[in-house]
Structure formats: structure tokens, C-alpha cells
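Geometric and topological summary
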Amino acid sequence: MIEITRMANKSVVREFLLMGFSDDRDIQVLHFVMFLIIYLVAFAGNLLIVFVVILNYQLHTPMHFFLVNLSLTDICYISITVPKSMEVSLTDNKIITFPGCIAQVFLVITSASSEIFLLTLMAYDRYIAICHPLKYSLILNWNTCDQMAVASWVSSLLYALLQTVIVFQLNFCGPNRIEQFFCDIPQLQNISCTDTKVNKILIWTLGITVGSISTGLVFASYVHIISAVLKIQSTEGRCKAFSTCIPHLTVFSLFISMGLFSYMRPKFLSSPIIDLLSAVSYTVVPPVMNPIIYSLRNKNLQAAVWKLTSKANKQINPNLI
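These remarks concern the structure in this document.

Rules used throughout
- Residues numbered from 1 in each chain as written.
- Predicted model: local features only at pLDDT ≥ 70, side-chain atom pairs only at ≥ 80, totals over all residues.
- Heavy atoms only, no water.
- Helix = DSSP H or I, 4+ residues; strand = E, 2+ residues; numbered from the N terminus.
- Buried < 20%, exposed > 50% of the residue type's maximum accessible area, 1.4 Å probe, protein only.
- Contact = heavy atoms within 4.5 Å.
- Phe/Tyr/Trp six-rings, centres within 6.5 Å; stacked < 30°, edge-to-face > 60°.
- Axes fitted to C-alpha atoms, helices over the stretch in contact; angles between N-to-C directions.
- Parallel < 35°, antiparallel > 145°, perpendicular 65-115°, else oblique.
- Left-handed = near helix turned anticlockwise from the far one by under 90°.
- Nonpolar A, V, L, I, M, F, W, Y, C, P; charged D, E, K, R; others polar.
- Salt bridge = Lys/Arg side-chain N within 4 Å of Asp/Glu carboxyl O.
- Expected span 1.5 Å × (residues − 1).
- Bend = angle between axes of the 7 residues up to and from the residue.

1. Quick look at the environment of methionine 19
Locating methionine 19 in the fold gives a position in the loop between strand E3 (15-17) and helix H1 (25-55). The exposure class assigned to methionine 19 is buried, which follows from its relative accessible area of 11%. For the pair methionine 19 and proline 186, spaced 167 residues apart in the sequence, the C-alpha separation amounts to 14 Å. Not counting chain neighbours up to four residues away, the residues in contact with methionine 19 comprise Arg177, Ile178, Glu179, Gln180, Phe181, Pro272 and Leu276.

2. A short note on the packing of aromatic side chains
Scanning the entire structure with this criterion turns up 14 aromatic pairs. Both rings, one in phenylalanine 65 and one in tryptophan 142, keep their centres 5.8 Å apart while their planes meet at 85°; by these two values the pair is edge-to-face. Separated by 77 residues along the polypeptide, phenylalanine 65 in helix H2 (residues 62-91) and tryptophan 142 in helix H5 (residues 142-167) bring together distant segments of the chain. Judged by centre distance (5.5 Å) and plane angle (75°), the ring pair of phenylalanine 98 and phenylalanine 168 falls under edge-to-face. On the criterion of sequence distance, the pair formed by phenylalanine 98 in helix H3 (residues 98-131) and phenylalanine 168 in the loop between H5 and helix H6 (185-191) is long-range, its members being 70 residues apart. Pairwise contacts between aromatic rings join Phe16, Phe98, Phe168 and Phe172 into one cluster.

3. Observations concerning the packing of H1 against H2
Put simply, H1 and H2 touch, their axes get as near as 9 Å, and they point 165° apart. Between H1 and H2, the angle falls in the class roughly antiparallel. Two packed elements cross with a definite hand, and for H1 against H2 that hand is left-handed. By residue class, the composition of the contact of H1 with H2 is 20 nonpolar, eight polar and two charged.

4. Points about the pattern of salt bridges
Following the criterion strictly, the structure yields three salt bridges and no others. Measuring nitrogen to oxygen at the nearest pair gives 2.9 Å for the salt bridge that ties glutamate 179 to arginine 177. Exposure remark for glutamate 179: the relative accessible area of 35% places this residue in the partly exposed category.

5. Comments concerning helix H8 (residues 235-264)
The end-to-end C-alpha distance of H8 is 40 Å, a good match for the 44 Å that 30 residues give at a rise of 1.5 Å each. Approximately 30° is the largest bend angle found in H8, and it occurs at cysteine 245, with the proline proline 247 only one to four residues beyond. Buried residues of H8: Ala241, Cys245, Pro247, His248, Val251, Phe252, Phe255, Ile256, Met258, Gly259 and Ser262, and no others.

Here it is in C-alpha cells:
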């Protein structure tokens, strides 16, 4: 039974109901299995990148340092929403407490904004590496990288705190069903019993500002990168320079495009199914795809993974040649 407290002639919602993928038990089990596989793939893929970079001294570079931070962010990102959705399908208990909903909103925004900030820093890393290679180690020394990473995480926390405070200043007095598999801001605004016009304007303004600044910085970085690469005489040199940028550009474009479709698509493209699929694409797909994209395009990372795998196999089977 959903807990609702009566205060000052108003019903104050203390718990919310999350949206399940189906009421059919067989489909619930199928959803649990599919999300479990997706979660394990994302968790293992990102954790593998973290371990490979840490254990391989040759990968101790600013680019891979930021990649490790991105992988840790992806692990956090997918761990905030998917396990809870799996629990809903497994137990058929759709309840999430009010504090739990607040925590989920805060952590989702923290992870999403951290992903954007880190991808922006990675664009800056590629810009310095290609446009100012002789000054690369001087500009991006380890002290600077640490400061940039910390600034990214702190900025994400502050941004998430601000967004969360804005959302939960609203009153929730029923209904309490969230039309999403996690506590998402648009759905919370839809079930609020207060006027959300100003609230929506504030959140949109903050989101557009952060997204525009990050996208603008990434775009400016690649304008300079493309200009510098076109000046390289060697075809092999051009291909090598572009190959280091393609994974990052792919990941950034994928994340931004999914975010834009999820939160800024017109109302006529909105329906429960589309909302659900867009949320999955925005919160689940990037953590799964990021390690795959970087592994496929980063030859140094591929070599390090192969070396680590071969070493592990030899330890398991000493007779292996």
C-alpha cells in the first residue's frame, strides 16, 4: 500500500511507483535476464578498461587517465537505474521511497553531467595532443589532469544538487505513479500538484547552458584539430591523428544525440513506449557502447587487453605456449 501522509488538508506522497516493463510474469523475467546481461557486459567492459590502464604503464597517459574516469562514471551511471529496474521485474514491487527517488535523481544527473564534462576534457586532450604536441606533457601534466578531473566531478555534484533541489521543491500530493523505470525529472514534473512552468524553465535553462557550453568547446576543439590534421603531409600521419579522435567523437555524438532526443523532442514524438525506449538509450546504451567503441578503435588498449588476457591464461595453464 502506498504511503501517503495527510498534512494541512493535503496528501503528501511519501513513496512513488516506478513503471514496470510489463505486467506479464514471463516478460518480467525476460526483462530481468536481458537487463542482467546488459548490466554485466557494461560493468565488466568498463572495469576491464580501468584494470588494463592501471596495470599497463604504457597507458599511463592523460588520454587514458580521462578514459578511466569515464569508465568509472559509466559503472556508476548504469548501476543507479538498471539494478532497481531488475528488482522491480523480479519482485514485482514497484515502490521507491521518497528519499530513494531523490537519491536516484541526484546520482543520475551527477553521472550524466560528469560524462559530458569528461568528454569535453577528452576533446581538449586531443586538441593539445594534435595541435600542440611539443607542449603536450607540459600543458597536460599529472597535476593538471588531477585538477581537471576533480573539477569535473565537483562541477557535476554541484550541478546535480542544484537540479535536484529545483525538482524536489515541488509538491507531490498524488498521483504517485512515475511513467518511467527510474525517477526521471520530466515524469516527476508531470505528477506534481503544483505549477511547474517556472521549474521547467529553470531546468531547461540549466541543461541547455551546460550542454551548449560543452558542445561548443568540443566543436571548437575539433575545428582546430581538423585544421591541424589537414596540414599534415603524410597520409599515414593524418589517419593516425584521426583514428585517435574517432572513438571520442563517436561517444560524444552518441551521448549528446540521445540526450537531446530524450529531453528535447517535440510532444508529438512522446508516448509511454517512446519515453521508455529513449530513457533506455540515454541511461543504458552509453555505458555499454563506450568500452566497445574505445576497444575497437584504440590499438594500444587492444594490445594491453590481449597481453593481460594472455598473461592470465598462462597463469591458469602454465603449460600453455
